[in-house]
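Working through the structure, step by step
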2 protein chains.
Amino acid sequence: MNALLRLQSELGAIVTVDPLDLAANRTDKSGWVAGGTPLAIVRATTVDHVQATLRIATEFRVPVVTRGAGTGLSGGACGTDGSIVLSVAGLSRIIEINPDDELAVVEAGVINQHLNDALVDHNLWFAPDPASKAISTIGGNIATNAGGLLCAKYGVTREAVLGLSVVLADGSLLRTGHRTVKGVTGYDLTALLTGSEGTLGVIVEATVRVRALTPGTVATIGAVFDTVTAAARASAAITAARIRPAVMELIDPIALGHVATYLGPEGSAGLPLRGGAFLLVQTDGPAALAEAEAALIVLRAAGGEATLSTDAASGDRLLAIRRAMHPALEQLGQVLIEDVSVPRSRMAEMFAAIAEISARTGIPIPTVAHAGDGNLHPNFVIARRRGEAADAPVPDNIWAAADEMFRAALALGGTLTGEHGVGVLKRRWLRDEIGDTSLDLQRQLKAVFDPLGILNPGIMFAA
Amino acid sequence: MNALLRLQSELGAIVTVDPLDLAANRTDKSGWVAGGTPLAIVRATTVDHVQATLRIATEFRVPVVTRGAGTGLSGGACGTDGSIVLSVAGLSRIIEINPDDELAVVEAGVINQHLNDALVDHNLWFAPDPASKAISTIGGNIATNAGGLLCAKYGVTREAVLGLSVVLADGSLLRTGHRTVKGVTGYDLTALLTGSEGTLGVIVEATVRVRALTPGTVATIGAVFDTVTAAARASAAITAARIRPAVMELIDPIALGHVATYLGPEGSAGLPLRGGAFLLVQTDGPAALAEAEAALIVLRAAGGEATLSTDAASGDRLLAIRRAMHPALEQLGQVLIEDVSVPRSRMAEMFAAIAEISARTGIPIPTVAHAGDGNLHPNFVIARRRGEAADAPVPDNIWAAADEMFRAALALGGTLTGEHGVGVLKRRWLRDEIGDTSLDLQRQLKAVFDPLGILNPGIMFAA
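The residue numbers shown here count from 1 along each chain, following its written sequence. Note on labels: chains are lettered from A, ligands numbered from 1, in written order. Thresholds applied to this predicted model are a pLDDT of at least 70 for local features of residues and 80 or more for the giving and counting of side-chain atom pairs; totals over whole chains, interfaces and linings are not thresholded and use all residues. The side-chain values count all of the structure's non-hydrogen atoms but skip hydrogen atoms and water molecules.

If you check an unreviewed UniProt entry, chain A appears there as FAD-binding protein from Cryobacterium suzukii. UniProt positions are given in the numbering used here, feature names are shortened, and annotations may be inferred rather than shown by experiment. Recorded in UniProt for chain A, the comment headed Cofactor (unreviewed entry) runs: "FAD".

A count of helices and strands for chain A gives 15 helices and 18 strands. Relative to its length of 463 residues, chain A is compact, with a C-alpha radius of gyration of 22 Å against a globular reference of 23 Å. In terms of principal-axis extent, the alpha carbons of chain A reach across some 70 × 55 × 45 Å. Out of the 463 residues in chain A, the part that is buried amounts to 61%. With the model as given, the accessible surface of chain A reaches about 16600 Å², and the carbon-plus-sulfur share is 54%. The positive count covers Lys and Arg only, the negative count covers Asp and Glu only, and His and the chain ends enter neither. The atom standing in for a charge is NZ when the residue is Lys, CZ when it is Arg, CG when it is Asp and CD when it is Glu. Charge separation in chain A, taken as the distance between the mean sites of 37 positive and 47 negative side-chain charges, equals 3 Å. To qualify as a helix, a DSSP run of H or I must reach at least 4 residues; to qualify as a strand, a run of E must reach at least 2; elements of each kind are numbered from the N terminus. Each radius of gyration reported is based on C-alpha atoms, and the globular scaling rule is 2.2 Å times the count of residues to the power 0.38. Relative accessibility decides the category of a residue: with a 1.4 Å probe and only protein chains considered, values under 20% of the type maximum give buried, values over 50% give exposed, and everything between is partly exposed. Each accessible area is a Shrake-Rupley estimate made with a 1.4 Å probe; only the visible protein chains count as cover when residues are assessed.

Let's shift gears to the sheet that holds strand E2 (residues 40-43) of chain B. Residue and element names in this part refer to chain B. With respect to topology, 4 strands assemble into an open sheet ordered E1-E2-E4-E3, the strand pairing being mixed. The open sheet is flanked by strand E1 (15-16) and strand E3 (64-67), the only strands paired with a single partner. Taken together, the 4 bridges between E2 and strand E4 (residues 84-87) define a ladder with parallel strand orientation. For Ile41, the partnering residue across the bridge sits in E4 and is Val85. Whether two residues touch is decided by their heavy atoms; if any such pair falls within 4.5 Å, the residues are in contact. Fitted lines through C-alpha atoms serve as axes, helices being fitted only where they are in contact, and the angles separating the N-to-C directions of these axes extend from 0 to 180 degrees. In the packing of helix H3 (residues 47-60) onto the sheet, the strands contacted are E2, E3 and E4, and the crossing angle to E4 comes to about 165 degrees. Should DSSP find at least two bridges between two strands, the strands are regarded as paired.

Here the focus is the pairing of strand E10 (residues 202-209) of chain B. Within a regular strand, the side chains alternate between the two sheet faces. All names here are of chain B. Most of E10 is tucked away: 6 of the 8 residues are buried. Sheet topology note: the strand E6 (residues 103-107)/E10 ladder contains 5 bridges and is antiparallel. From the neighbouring strand, Val105 faces E10, where its bridge partner is Thr207. As paired elements, strand E8 (residues 161-167) and E10 share 6 bridges and run antiparallel to each other. Among the inter-strand pairings, Ser165 is bridged to a residue of E10, identified as Glu205.

Only residues with pLDDT of at least 70 in both copies contribute their C-alpha atoms to the least-squares superposition of the copies. In screw terms, the move from chain A to chain B is a rotation of 180 degrees and a rise of 0.0 Å along the axis, fitting with an RMSD of 0.0 Å. Both copies are brought into coincidence by an operation consistent with a two-fold rotation axis. A high fraction, 100%, of the interface residues of chain A reappear at the interface in chain B, so the copies pair face to face through one surface.

Residue and element names in this part refer to chain A. Buried residues dominate strand E14 (residues 277-283), accounting for 7 of its 7 residues. Residue alternation in E14 divides its side chains into two sets, Ala277, Leu279, Val281 and Thr283 and Phe278, Leu280 and Gln282, and both sets are buried. Across 7 bridges, strand E12 (residues 219-225) lies against E14 in antiparallel orientation. Each residue of the ladder has a partner; that of Thr220, found in E14, is Gln282.

Residue and element names in this part refer to chain A. For the pair helix H8 (residues 228-240) and helix H13 (residues 347-361), interaxial distance at closest approach is 8 Å and the crossing angle is 160 degrees. Relative to H13, the element H8 lies roughly antiparallel. Along this stretch, H8 crosses H13, giving a crossing that reads as right-handed. In contact with Val228, Thr229, Ala232, Arg233 and Ser235 of H8, H13 contributes Met347, Ala348, Phe351 and Ala352. Residue polarity is assigned by list, with Asp, Glu, Lys and Arg as charged and Ala, Val, Leu, Ile, Met, Phe, Trp, Tyr, Cys and Pro as nonpolar; anything else, Gly included, falls into the polar class. Of the residues belonging to the contact of H8 with H13, the class tally is 6 nonpolar, 2 polar and 1 charged. Here the angle decides the label: under 35 degrees means roughly parallel, over 145 means roughly antiparallel, 65 to 115 means roughly perpendicular, and every other value means oblique. Put simply, a crossing is left-handed when the front helix is turned counterclockwise from the back one by less than a right angle, and right-handed when it is turned clockwise.

At the junction of the two partners, chain A supplies 81 residues and chain B supplies 81 residues. What gets called buried area is simply the loss in accessible area from a 1.4 Å probe that two parts show on being joined, summed for both. Interface of chain A and chain B: buried area, both sides summed, is about 6500 Å²; carbon and sulfur atoms make up 57% of it. For this analysis, a salt bridge means a side-chain nitrogen from Lys or Arg found within 4 Å of a carboxyl oxygen belonging to Asp or Glu. Our enumeration of links across chain A and chain B arrives at 12 salt bridges. Residues Glu419(A) and Lys182(B) are paired through a salt bridge, measuring 2.8 Å at the closest nitrogen-oxygen approach. Pairs of N or O atoms are called polar contacts if they sit within 3.5 Å, as long as, within protein, a hydrogen donor faces a hydrogen acceptor (for residues adjacent in sequence, only side-chain-to-side-chain pairs). Inspection of the chain A/chain B interface yields 32 residue pairs in polar contact (both at pLDDT 80 or more). In terms of residue count, helix H15 (residues 430-449) of chain A provides more of the side of chain A that touches chain B than any other element does, 12 residues in total. Of the residues contributing to the side of chain A that touches chain B, the split by class is 31 nonpolar, 31 polar and 19 charged.

A few words on H13(A). Residue and element names in this part refer to chain A. A helix is expected to span 1.5 Å multiplied by its residue count minus one. A rise of 1.5 Å per residue sets the reference length of H13, with its 15 residues, at 21 Å; its end C-alpha atoms lie 21 Å apart and thus fit the reference within 8%. What H13 keeps buried is the set Met347, Ala348, Met350, Phe351, Ile354, Ile357 and Ser358. For H13, the secondary structure elements touched by its buried residues are H8, strand E13 (247-251), strand E17 (367-370), strand E18 (375-382) and helix H14 (396-411).

With that settled, the discussion passes to the domain arrangement of chain A. Often the size quoted for an interface is simply the accessible area lost on bringing the parts together. All names here are of chain A. Where a domain begins and ends is set by an automatic assignment or by a domain database. Assigned domains of chain A: these are domain 1 (3-87), domain 2 (94-212) and domain 3 (219-411). Domain 1 and domain 2 are separated by 23 Å when their C-alpha centres are compared. Between domain 1 and domain 2, the residue contacts involve 11 residues of the former and 13 residues of the latter. Carbon and sulfur atoms supply 65% of the area buried between domain 1 and domain 2, which totals about 1100 Å² over both sides. Applying the counting rule to domain 1 against domain 2 returns 0 salt bridges.

Two aromatic rings from Phe, Tyr or Trp, using only the six-membered ring of Trp, form a pair when their centres are within 6.5 Å; if the ring planes differ by under 30 degrees the pair is stacked, by over 60 it is edge-to-face, and anything between is tilted. For the coordinates displayed, the defined rule picks out 8 aromatic pairs over all chains. Judged by centre distance (5.6 Å) and plane angle (70 degrees), the rings of Phe461(A) and Tyr187(B) are edge-to-face. With Phe461(A) in the segment after H15 and Tyr187(B) in the loop between strand E9 (173-177) and helix H7 (189-193), the pair connects residues from two separate chains. Comparing Phe461(A) with Tyr187(B) shows no difference in burial state: the two are buried. With 4.6 Å between their ring centres and 70 degrees between their planes, Phe406(B) and Trp429(B) make a pair best called edge-to-face. Taken together, the residues Phe406(B) in helix H14 (residues 396-411) and Trp429(B) in the loop between H14 and helix H15 (430-449) connect sequence positions 23 residues apart. An aromatic cluster is built from Trp399(A), Phe406(A) and Trp429(A), whose rings are joined through pairwise contacts. Looking at Arg428(B), its charged tip hangs above the ring of Trp399(B), at a distance of 5.2 Å from the centre. Here, a charge over a ring means that NZ of Lys or CZ of Arg falls within 6 Å of the ring centre while also lying within 35 degrees of the ring normal.

Residue and element names in this part refer to chain A. As summarised here, the arrangement of the 4 strands in space is E1-E2-E4-E3, forming an open sheet in which the pairing is mixed. In this open sheet, the two edge strands, each paired with only one partner strand, are strand E1 (15-16) and strand E3 (64-67). As defined by bridge partners, E1 adjoins strand E2 (residues 40-43) across 2 bridges and the pair is classed as antiparallel. The residue of E2 that forms the bridge with Thr16 is Ile41. Contacting E2, E3 and strand E4 (84-87), helix H3 (residues 47-60) crosses the sheet at an angle of about 165 degrees to E4.

As structure tokens, this is what we get:
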């Protein structure tokens, strides 16, 4: 009996080999498409399904690509040739909400926003907020250690994960972590698995920390600067002034032009028509207004034309400008969203480096940044010629420009990826960032969890 | 040439074999004393010293026990027979304070409080605050993932560590992590090494996150309850009311009696003379007073006799009561400080379990808790008979009572150790908490970092 027959005989109707389905599971939101054809898709709805799949994969030495909602941006969950795509999207139960202990227990396929919808009645929320939160799974958020807009103030996903249930390569079940605020018994496998991109095990359940909704109102500032470097310096000055906004987002002039076109005259009222950069600052909590007023002083001193609003509608309008960024770019072609992060004080230099690369190569690089984190998303828009497949590979000249950008970020003390993960798209730069000693150790750690190399092979490390 | 001669010839005067010195390095603040005699103490003052020591240890297969200030409470840094005690206390430089990026780079031997002293002029602080912060090293704080009084609000040590420099068993240097708020390139070795108790490598340098000093005043509540379970329920009710104090400390009646005796009539004015439990609640930040007033209502509804003070002197007086706990017990004998942690909603049950064990065994167990975290420190006081060595082993009946206590904590969904670490004192219960699958994986991870088993052997895992 081969692997496919065994999957079908043990797991029945949750196994599919429909060609359209297989094809759809070869890609994610990065636009990357894996070559070849997966063996099958297993749509698990129970932990037993996941364990059975891994046992069979181990027996037949078949690669397993774990997949949640498929919203990844690094090609980390794309069904490769001959692999089993193990979907955990159907593991979608919220098992427990425990307001007294400020924790929740969820299956891996629970959508981030669904948990937040269930928490709000308890005056609680789950802080990790990737831009995809309306559609991405908590398992995927954990597998990539997802970031988002609120990290400088509210932390990254790792800080919200207390414990995990993980199916290991041989199908056995590992439980990590605890339900307590503190716990230091043994190594922190919870943190090691967070951000491991499906290469160490399959996360099936998580115990996550939830927190009290922030009391008080929200204050929002929209500020326009002549140049993106001025805006970047202003945002760094806010951090340096010991102000900690909940949100601080920066849009460069090229991106802002596209957003203005996309939103039309009404939606973009007040935005500079060309040449300006936009900085959005939002403060929350009991001192929101006082913090915003302090931020206003800093922004104006840094040359910004800044206005403060405390009514929700104005705040939403400003956030809508930020949210329009990706839809605006997607109208122009396939978008490769990059994800470098630099120390906040170096952000202006990173923007200057991007501008220099863009000018020299002639490739526009519209960029948005989570400025409070120093996390930039430079975008490459690939306009497809008529008749060209939408999923054609990213052209070499764009990878060459991205390569220069990664090197610039590393030279500034930064990192290749702030929140999207290494996946397949950045593995060729992994050694440049972490070095030989770390790479060698990490490969050995992978081998402990996955001695046969069946868990998402080719992801993070070159095969 | 043997290992000692090689150490002496390569490292000279930083190697000592003075018998008194060797003896002093066999113990830590837990009172545990390792058997036998260490081979030598190496007092490293540079990373090169650490690398040379590890190279020699590898060549001669000699165990290395890394040690900072020796303030550990689990016997995790005690020089064992024939081992090299590698002191990193002399790696005491603050290398960088970077206010713009809200980070600092320190050598492992920097005292926690010294960093805070250096940060205050920048309006910054380092949040990890173990009770030993005035005397413990940041390297030791990281090696144990130390907790403290402020964790529910400000996080544990892991959340403050951005990157590490670590000397591996063979003497090579590993760098982990980043200087950015976000960074997900590769596995999170920084988190894996945090809390690894010297068993995976020797931390020589850390890049740590520092944060803006909390603005505003501090409000302090002292509340007296008839019983410790009432006080525990009240503290859980504060969490459940979505109030997040900076500090919430609970002292049980037995401990409180000892504190009152120790402080004398003046210092203990207002404390119940017998039978009451004391809960200290401190709020900070811009809404400190409003939060304290909300807490006051909860505490009174829960049966507490509570008073609020906003002047610093009264707050300090209340904190002094908490701080007097250990000095008060140390006057009575050798103190074994335990460290279980339970979900906050189960704290009252844990206190009840401790009372039951105490009543049945006849062993007093004065207990204090970081109540906001559900982290209890039950204490066993071992009164030494005249002529008995102060470092005699903990009597079997006390370990039997501790064993029951650990099992009670695990049964309540808790953990063996919230913040002190496994060390040598709790390794026999490690499997009970983490299970066979995790234990097996953790031993394999250890073997990746330390194939010869020379890094703190016998710590965390039984040899």
